[in-house]
Amino acid sequence: MSLSLPRINPTETSAWKQLIHHAQTLGDQRIQDLFKADPGRAERMSAEGAGWFLDYSKNLLDQHAFDDLLKLLDECGWEQALNATRKGGLINETENRAVLHTVLRDPGNTLQLVDGSQPGVQVSEVLNRMENFVEAVRNGQRRGCTGQAFTDVINLGIGGSDLGPLMACEALAPYAGSLRVHFVSNVDGAHWQRTLLGLNPETTLFLVASKTFTTQETMANAHSARNWFRQSLGERAEVRNHFVALSTNLEKVVEFGIDPENMFPFWDWVGGRYSLWSAIGMSLALSIGFPRFREFLEGGRQMDQHFWETPPARNLPVLLALVGLWNRNFLGMETLAVLPYDQCLSRFPAYLQQADMESNGKSVDRNGKPLNYQSGPVLWGEPGTNGQHAFYQLLHQGTVRVPCDFILAANTHYPGGPHHRFLSANAFAQAQALMQGRTLEEVRAVSSTPTNPAEAYQVFEGNRPSNFLLCQRLTPAALGALVALYEHKIWVQGVVWNVFSYDQWGVELGKILAGKVLPLLDEGTEGAGLGVDTSTQALVERWRRWQDGQERPKGT
Ligand code: F6P
């Protein structure tokens, strides 16, 4: 079987046409009526794997549509795509790379690439080095240049070199040891300065996390951190003891002044937004310790096993993907809200934004042609119950329908009081309320007065779809499985949308233009010759006038 990806326009499949027809028929129906017609619906439209239970029954989806979604996957060349991925095909075609982040959580993997390298062996070696390093820092064997043990770790990275480890450190905070872990990503000086405030350079360890080691934001922060470190410690400053690199670019790491001994590599077959499992996970490992980090990897591996081995109709990532395709392409829903009912998952929606939107925010297909259908949705969210007091009004009564993913653990790490029961009841109730809604008759039935001027405003249309993901407890393994679940979901959707999910050319243009604007800030040279438009030129000029105080804002 070919090791390249299929190139099938999904709209040309017979399943797509059937699904349009189903959407028209189901468009007039209510999810609740589908439950009434099928008492076994909740059980049938749920599945379990790698410690997670998924209920997708609260979607406007019936068995006929579901069967055709499975057929769509098949007709879009799913088997070929799966085979190419697992066997190390260069499926990130526009960058000529394989996509093997799953090997990061499976060091026993025996795959051999065409160049003879064995990713499993490479992963294993780096994991062992990471383990020694993490243990030495955590037990105080490895110390700063003045002989003190480390108390604080700062991860300097952005995008995939920040969002994953930041999200995971938050999520697994109940497992954290005494090392305090901080993250600096934004090139805004406020970020590093506010983070370093109050830290002791003698006891601070810096992780410069960058796959390319050329990213402007990260390198600016790394240089500022190094300056701060040198200025603070003067002659006692030994960068060697305090700076570690997590990267694929040895040359640039050495150029920065980091000892290769302190570099933990990964490889070009690991995409930035899929790199949490690699050396980029160092901050997480330092926080929770290496045995827990291995449990996190193992949770991801278990979800991989579930994904590789379970038939599509019971396969969690496939199910989430198909339901998402249904809502996006056939019911016309443009966004997806991810709603973790778990404060520890507060950064999960932000993490997932990059994973999903950088992967499937594409408008050109694998034949180089513009898409004639919709691809990735806008993804957003906040932890419950905070979101309830912010944007749920729109979810319940707005003019757009927003499908929601609810995420909950049955047990909390923070027992005591009624909190977890309140939290859980709210999660279940919100999913129910979105589906059920409330009719005018129901409003009137509970009204205490015969005339209620607000009654029209108290009606909820309902029929708003959601998925519910439940685990027993948010352990390192459960988090690993959850992250892997969404990674695979994104990939399944990318296969059907016929896009290249593993590149991100869309982030390039802004970087190039920032390079052109930068000299204008200093010199105020005429921008037209540099391709800078007159609006941008005028903004830059005002910025310059306001900066040097030549001019004051009107009304001040
Ligand atoms: O946002 C673009 C991007 O290339 C991401 O894909 C990546 O995660 C991020 O920049 C950071 O890149 P690096 O790890 O090379 O600094």
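Here is what the cut-offs are and how they apply
- Residues take numbers from 1 onward in each chain, read along the sequence in its written order.
- Selection of residues for local features in this predicted model requires a pLDDT of at least 70, selection of side-chain atom pairs for listing and counting requires 80 or more, and totals for whole chains, interfaces and linings are taken over all residues.
- Excluded from the side-chain calculation are hydrogens and water; included are all heavy atoms of the structure.
- In DSSP terms, a helix is any run of H or I states spanning at least four residues, a strand is any run of E spanning at least two, and both are numbered starting from the N terminus.
- The quantity called the radius of gyration is restricted to C-alpha atoms. Its globule counterpart is 2.2 Å times the number of residues to the power 0.38.
- Contact definition: two residues touch when any of their heavy atoms are within 4.5 Å.
- Using a 1.4 Å probe, the Shrake-Rupley method yields the accessible areas, and only the shown protein chains count as cover for residues.
- In this tally, Lys and Arg are treated as positive and Asp and Glu as negative; His is ignored, and so are the chain termini.
- To locate a charge, take atom NZ for lysine, CZ for arginine, CG for aspartate or CD for glutamate.
- Only strands that DSSP links by at least two bridges are regarded as paired with each other.
- By convention, a crossover is right-handed whenever its connection, traced from the first strand over the helix to the second and viewed with the strands pointing away, goes clockwise.
- The classification of residues rests on relative accessible area computed with a 1.4 Å probe and restricted to protein chains. Under 20% of the type maximum is buried, over 50% is exposed, and intermediate values are partly exposed.
- The span expected for a helix works out to 1.5 Å for each residue beyond the first.
- Throughout, near means a residue has at least one heavy atom within 4 Å of the molecule or strand.
- N or O atoms within 3.5 Å of each other form a polar contact, as long as, within protein, one can give a hydrogen and the other can take it, and as long as residues adjacent in sequence are counted only when both atoms are side-chain atoms.
- Residues are said to line a cavity or pocket when one of their atoms sits within 4 Å of a point; the points come from a 1 Å grid over protein atoms alone, cavities being sets where a 1.4 Å probe fits but cannot get out and pockets being open sets with protein on both sides within 12 Å along at least five of seven lines.
- Each molecule is assigned to a cavity or pocket provided more than half of its atoms lie within 2 Å of the corresponding grid points.
- We call Asp, Glu, Lys and Arg charged. Ala, Val, Leu, Ile, Met, Phe, Trp, Tyr, Cys and Pro are nonpolar, and the rest, Gly among them, are polar.
- Nonpolar core, defined: a set of buried Ala, Val, Leu, Ile, Met, Phe, Trp, Tyr and Cys residues in which side-chain atoms within 4.5 Å join the residues together.
- For the purposes of this description, domain bounds are those given by an automatic or database domain assignment.
- Between Lys or Arg on one side and Asp or Glu on the other, a salt bridge is scored when a side-chain nitrogen of the former is within 4 Å of a carboxyl oxygen of the latter.
- Grid points are joined across faces, edges and corners, and a volume is the space filled by probe spheres set on the points.
- Under this scheme, a helix contributes an axis fitted over its contacting stretch, all axes are lines through C-alpha atoms, and angles between N-to-C directions fall in the 0 to 180 degree range.

K.L.:
What should I look at first to understand the overall build of the protein in this one?
P.N.:
A tally of regular secondary structure across the protein gives 21 helices and eleven strands. Against the globule reference of 24 Å for 556 residues, the protein gives a C-alpha radius of gyration of 26 Å, in line with a compact fold. Across its three principal directions, the C-alpha atoms of the protein cover 80 × 70 × 60 Å. Of the contacts made within the protein by residues no fewer than 6 positions apart, 74% connect residues no fewer than 24 positions apart. For the protein, the accessible area works out to roughly 24,700 Å², and carbon and sulfur atoms hold 51% of it. Between the centroid of the 48 positive side chains of the protein and the centroid of its 58 negative side chains there is a distance of 3 Å.

K.L.:
Looking at this structure, I do not really get the pairing of strand β4 (residues 180–184). What am I missing?
P.N.:
As defined by bridge partners, strand β3 (residues 152–156) adjoins β4 across five bridges and the pair is classed as parallel. Paired with L156 across the bridge in β4 is V184. Read from β3 through helix α7 (residues 163–171) to β4, the crossover connection turns out right-handed.

K.L.:
What is the right way to read the side chain of T195 from this model?
P.N.:
On the secondary structure map, T195 appears in helix α8 (residues 189–196). Classification of T195 by relative accessible area gives buried; the value is 15%. The contact partners of T195, leaving out residues within four places of it in the chain, are I154, H182, F183 and V184.

K.L.:
What exactly am I supposed to notice about helix α15 (residues 348–360) here?
P.N.:
Given 3.6 residues per turn, any residue in an α-helix points the same way as the ones three and four places further on. For α15, built from 13 residues, the straight-helix expectation of 18 Å at 1.5 Å per residue is met to within 8% by its first-to-last C-alpha distance of 18 Å. Those residues of α15 that sit buried are F348, P349, A350, Y351, L352, Q354, A355, D356, S359 and N360. On its buried face, α15 is in contact with α7, β8 (335–340), β9 (378–380), β10 (404–411) and α19 (476–497).

K.L.:
What exactly am I supposed to notice about the site of the ligand here?
P.N.:
Neighbouring residues of the ligand: 13 residues in total, closest S161, S210, T212, T215 and E358. Contact distances for the ligand include 2.6 Å between an oxygen atom and a side-chain N or O atom of S161. Between an oxygen atom of the ligand and a main-chain N or O atom of K211, the distance comes to 2.7 Å. Protein contacts shield 86% of the accessible area of the ligand, which totals 390 Å² for the unbound molecule. At a threshold of 2 Å from the grid points, most atoms of the ligand map onto the largest pocket. Per-class residue counts for the shell around the ligand are two nonpolar, nine polar and two charged.

K.L.:
Please clarify how the nonpolar core should be interpreted in this entry.
P.N.:
Note on soluble globular proteins: their nonpolar side chains tend to be buried together. Core analysis: the largest hydrophobic core is formed by 123 residues, its most contacted members being W52, L286, W326, F348 and L479. The element contributing the most residues to this core is α19, with 14 residues. Residue contributions to this core reach at least three from each of two domains, namely domain 1 (10–97 + 295–439 + 459–505) and domain 2 (115–293). If we ignore the near neighbours within four places in the chain, the residues touching L479 are M167, A168, A171, L172, F296, L345 and L474. Ranked by size, the runner-up nonpolar core spans 23 residues in total, among them W192, F213, A225 and A237.

K.L.:
Sorry if this is basic, but what is going on with the pattern of salt bridges here?
P.N.:
Two side chains of opposite charge can pair, provided their charged atoms sit close to one another. Inspection of the entire model under this criterion finds 20 salt bridges. The residue E95 makes a salt bridge to R97 at a minimum N-O spacing of 3.5 Å. Between E238 and R240 there is a salt bridge, with its nearest N and O atoms 3.5 Å apart. Given a relative accessible area of 46%, R240 falls into the partly exposed group. By sharing partners, the salt bridges in this structure join R105, D304 and E487 into a single network.

K.L.:
Is there a simple way to think about the layout of surface pockets in this case?
P.N.:
Using a probe with the size of a water molecule, rolled over the atoms, empty space left in the structure can be pinpointed. Approximately 860 Å³ is the volume attributed to the largest pocket. Elements with a contribution of two residues or more to the lining of the largest pocket: α9 (216–233), α15 and α20 (508–523). Broken down by element, the residue count for the lining of the largest pocket peaks at four residues, all from α20. Tallied by class, the residues present in the lining of the largest pocket amount to ten nonpolar, 16 polar and nine charged. What the second largest pocket holds in volume is close to 340 Å³. Lining of the second largest pocket is provided by 17 residues; of these, D342, Q343, T412, H420 and L423 occupy positions nearest its centre. Listed by contribution, the elements that provide at least two residues to the lining of the second largest pocket are β10 and α17 (419–436).

K.L.:
Please explain unusual backbone geometry as it appears in this structure.
P.N.:
Glycine aside, residues mostly have negative phi angles, and peptide bonds mostly take the trans form. The linkage connecting G384 with the following residue, T385, adopts the cis geometry, with an omega of 5°. For F213, which is not glycine, the phi torsion reads 60° and is therefore positive. Topologically, F213 is positioned in the loop between β5 (204–209) and α9. Of the residues examined, F213 reaches a relative accessible area of 2% and is grouped as buried.

K.L.:
Where do I start with the domain arrangement of the protein in this structure?
P.N.:
Interfaces are often sized by the accessible area lost when the parts come together. Looking at the assigned domains, one finds that the protein contains domain 1 (10–97 + 295–439 + 459–505), domain 2 (115–293) and domain 3 (506–547). Centre-to-centre separation of domain 2 and domain 3, based on C-alpha positions: 33 Å.

K.L.:
Which parts of the structure should I look at to understand the sheet that holds strand β1 (residues 46–49)?
P.N.:
Strands pair in a sheet through their backbones, by hydrogen bonds, and they do so in one of two ways: parallel or antiparallel. One open sheet accounts for six strands, arranged β1-β2-β11-β10-β8-β9; its pairing is mixed. Pairing within the sheet leaves two strands with one partner each, and these edge strands are β1 and β9. The sheet shows a mean angle of 15° between the axes of neighbouring strands, direction not considered. Note that β8 and β10 share four bridges and pair parallel. Paired with P340 across the two strands is I407, which belongs to β10. Sheet contacts for α15: β8, β9 and β10; angle to β9, the most-contacted strand, approximately 165°.

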